[in-house]
Amino acid sequence: MEAVERTVTIRNKLGLHVRPASLFVERASKFKSDVYIIKDGERVNGKSIMGVLSLAAEQGSDLTIRAEGEDCEEAVKALSELVEEGFYEE
Amino acid sequence: MNYGEGITVARLLEEYGEKLALELRAGAGGLERMLHNGEVHRPGLALAGFVDLYTFDRVQVLGNTEMFYLGRLSKKERRIALETIYQFDLPCVVLTNNADPFPEMIELSDSNDIPLMVTRFATTKFVHLFSYYLEDYFSPWTVVHGSLVDVYGVGLLFVGKSGIGKSEVALDLIERGHRLVADDVVRIVRRARGILVGMGKEPVRHYMEIRGVGIVDVQRMFGIQAVRDQKRVEVEVKLVEWNEVDDYERIGLREHRTTILDVEIQSVTVPIYPGKNITVIAEVIALNYLLKVHGIHPVEEFNEKLIRLMQERKALKERLSPGPAVGLPEGV
């Protein structure tokens, strides 16, 4: 299956807290591809809010976003932009 | 497969110092050294000078034998023996039976920044406790997207696609008095003898996402009896959409298996559709598992009963309808 991944850095000050995590999951769920986030060798489902929250990814931490499926390219692009933009937070 | 990355000596002392009765005597500069291996090594041969295949990367445990050996050496010989092991990058050294460290040990520990600790436990006891407490730091682990619930004491791991209703089934089970271990993010560790143990992950442990409602604090809402911290994973329950399954079990004579971290467990595929009560099915799966654990195989017993009944019928039929072989003798 087609798969793409990209490593991004959490930029917003408060890290991946509830609001950004839900933004991420919401956006990930729009894609057909399976979406995963990998942090320190641990992989969680990017469409699961509890999964994303369990990473407790603080500002400055590196995440690998991986998508598998027909629209994986678009998924990784959109999701990494979201992270790189700091979830539009301060 | 991920392996636990280990533990620093500082953390070992902080968290298990009391349980293992460990006291630091020297080499405090090396507290950040990592233990990557859950096994210990008794460096008797290395002290005697044989360092081929020396497993220096493990905790070095010196018991009565090693200390007695060192005590019998002259000061000069003892220094050479100790330097033989201290030339390696040892994570730490532990003396058992409350042994008094030799001055050379203190000196070498400090100069090489290798923590030297003493415990009052005997060697065998210490090794046993060390493996017991620290196993999880070195064991293989994985994270599974699913829900782990203790149902009648059986660890059921619900898996299936996002949105198929794993959390809702878990919630329903909690409501009926069963206990949540973890929802959505289940960390599974393989312990010795092929036992899988599942647990939640901080900070989301015992929280759940219920679609349409949001994040729910299960412990606050249902009380302490509704949660538990860890549970052996015994049966995988795979939730699939009704039309997706072609091969679900109708009888239960065959047992399906799945493999997690190289350990085989039973796997049950349950097709779901709206209005179907998965909760009761989950309870039945757990009870069925318990029966099997207790040596009771209902389907096999049923089948034996069925075969017995048919054989009785066959025998009766043969008695009543005389065939050529069982007919009455001619002329009667």
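Residues numbered from 1 in each chain as written. Chains lettered and ligands numbered in written order. Predicted model: local features only at pLDDT ≥ 70, side-chain atom pairs only at ≥ 80, totals over all residues. Heavy atoms only, no water.

Asks: I'd like a rundown of the overall build of chain B, residues and numbers included.
Replies: Check the secondary structure of chain B and you find 10 helices and 18 strands. Relative to a compact globule of 332 residues, whose C-alpha radius of gyration would be 20 Å, chain B shows 30 Å and is clearly more extended. Overall, chain B is about 110 × 70 × 30 Å in size when its C-alpha atoms are taken along their principal axes. When each of the 332 residues of chain B is scored for burial, the buried share is 43%. Across chain B, the fraction of contacts at a sequence separation of at least 24, relative to all contacts at a separation of at least 6, is 69%. A total of about 18,400 Å² of accessible surface is found on chain B, and carbon and sulfur atoms cover 52% of it. Here chain B carries 40 positive and 47 negative side-chain charges, and the mean point of each set is 4 Å from the other. (Helix = DSSP H or I, 4+ residues; strand = E, 2+ residues; numbered from the N terminus. Rg over C-alpha atoms; globule rule 2.2 N^0.38 Å. Buried < 20%, exposed > 50% of the residue type's maximum accessible area, 1.4 Å probe, protein only. Contact = heavy atoms within 4.5 Å. Areas by Shrake-Rupley, 256 points an atom, 1.4 Å probe, with all protein chains shown as cover. Lys, Arg positive; Asp, Glu negative; His and termini not counted. Charge placed at Lys NZ, Arg CZ, Asp CG, Glu CD.)

Asks: I'd like a rundown of the pairing of strand β18 (residues 263–272) of chain B, residues and numbers included.
Replies: All names here are of chain B. Among the 10 residues that make up β18, 8 are buried, leaving the element largely enclosed by the rest of the structure. Bridge count for strand β16 (residues 235–241) against β18 is 7 bridges, and the pairing is parallel. Counterpart to Leu239 in the pairing with β18 is Val270. Both strand β17 (residues 257–260) and β18 contribute to a ladder of 4 bridges, which runs antiparallel. Paired with Arg257 across the strands is Gln266, a residue of β18. Between the antiparallel neighbours β17 and β18 lie 2 residues, among them Leu261 with a positive phi of about 50°. (Pairing = 2+ DSSP bridges.)

Asks: Could you give me a rundown of the domain arrangement of chain B, with the residues and numbers involved?
Replies: Interface extent is often summarised as the accessible area lost during association of the parts. In terms of domain boundaries, chain B breaks down into domain 1 (7–137) and domain 2 (140–293). Centre-to-centre, using C-alpha coordinates, domain 1 of chain B lies 43 Å away from domain 2 of chain B. (Domains from an automatic or database assignment.)

Asks: Go over the pattern of salt bridges with me, naming the residues and quoting the values.
Replies: This structure, assessed with the given rule, holds 28 salt bridges over all chains. Glu81 of chain A serves as the salt-bridge partner of Lys77 of chain A, at 3.5 Å between the closest nitrogen and oxygen. A residue pair is termed a helical-turn pair when its members lie 3 or 4 positions apart in one helix, as Lys77 of chain A and Glu81 of chain A do in helix α3 (residues 72–84) at 4 residues. Judged by relative accessible area, which is 40%, Glu81 of chain A ranks as partly exposed. Glu104 of chain B serves as the salt-bridge partner of Arg78 of chain B, at 3.5 Å between the closest nitrogen and oxygen. (Salt bridge = Lys/Arg side-chain N within 4 Å of Asp/Glu carboxyl O.)

Asks: With reference to specific residues and values, describe the layout of surface pockets.
Replies: Where empty space is left becomes clear once a probe the size of a water molecule has been rolled over the atoms. All names here are of chain B. Of the voids in this model, the largest pocket is the one considered here, and its volume is about 1,100 Å³. Asp136, Tyr137, Arg187, Val189 and Met199 are the residues nearest the centre of the largest pocket, which is lined by 29 residues in total. Broken down by secondary-structure element, the contributors of at least two residues to the lining of the largest pocket are α1 (9–16), α6 (123–138), β11 (179–191) and β12 (195–199). It is α6 that provides the largest number of residues to the lining of the largest pocket, a total of 5 residues. Of the residues that make up the lining of the largest pocket, three or more belong to each of domain 1 (7–137) and domain 2 (140–293). In this structure, the second largest pocket encloses a volume near 770 Å³. (1 Å grid on protein atoms, 1.4 Å probe; cavity = no way out; pocket = protein on both sides within 12 Å on 5 of 7 lines; lining within 4 Å. Points joined across faces, edges and corners; volume = space filled by probe spheres on them.)

Asks: So what's going on with empty space enclosed by the protein? Residues and values would help.
Replies: All names here are of chain B. Counting across every chain of the model gives 1 cavity of 30 Å³ or more. In this structure, the largest cavity encloses a volume near 80 Å³. In terms of lining, the largest cavity is formed by His145, Ser162, Gly163, Gly165, Lys166, Ser167, Glu168, Asp184, Glu209 and Arg211. The biggest single contributor to the lining of the largest cavity is helix α7 (residues 166–175), with 3 residues. Across the lining of the largest cavity, the residue classes break down as no nonpolar, 5 polar and 5 charged. (Nonpolar A, V, L, I, M, F, W, Y, C, P; charged D, E, K, R; others polar.)

Asks: Could you give an account of the interface of chain B and chain A, naming the residues involved and the relevant values?
Replies: Contacts between the two partners involve 16 residues from chain B and, on the opposite side, 13 residues from chain A. Counting the surface chain B buries against chain A, the share from its top three residues, Lys201, Val204 and Ile215 of chain B, is 33%. If you look at where chain B meets chain A, you find 1 salt bridge. Across the pair Glu42 of chain A and Lys201 of chain B runs a salt bridge whose closest N-O atoms are separated by 2.6 Å. Put simply, chain B and chain A have 4 residue pairs in polar contact (both at pLDDT 80 or more) between them. Elements represented by at least two residues in the side of chain B that touches chain A include exactly β9 (140–151), β11 and β13 (207–210) of chain B. (Buried area = accessible area lost by both parts, 1.4 Å probe. Polar contact = N/O pair within 3.5 Å; in protein donor to acceptor, adjacent residues only side chain to side chain.)

Asks: Outline the sheet that holds strand β3 (residues 22–26) of chain B, listing residues and values.
Replies: All names here are of chain B. Spatially, the 5 strands line up as an open sheet ordered β3-β8-β7-β6-β5, and their pairing is mixed. Edge strands, defined here as strands with exactly one partner in the open sheet, are β3 and β5 (40–41). Bridge analysis of β3 against strand β8 (residues 116–119) gives 4 bridges, and the strand direction is antiparallel. Each residue of the ladder has a partner; that of Glu23, found in β8, is Val118.

Asks: Describe in detail α6 of chain B, supporting the description with residues and values.
Replies: Along α6 of chain B, the helix axis deviates most sharply at Tyr132 of chain B, where the bend reaches about 40°. Among the residues of α6 of chain B, Thr123, Phe126, Leu129, Phe130, Leu134, Tyr137 and Phe138 of chain B are the ones counted as buried. (Bend = angle between axes of the 7 residues up to and from the residue.)

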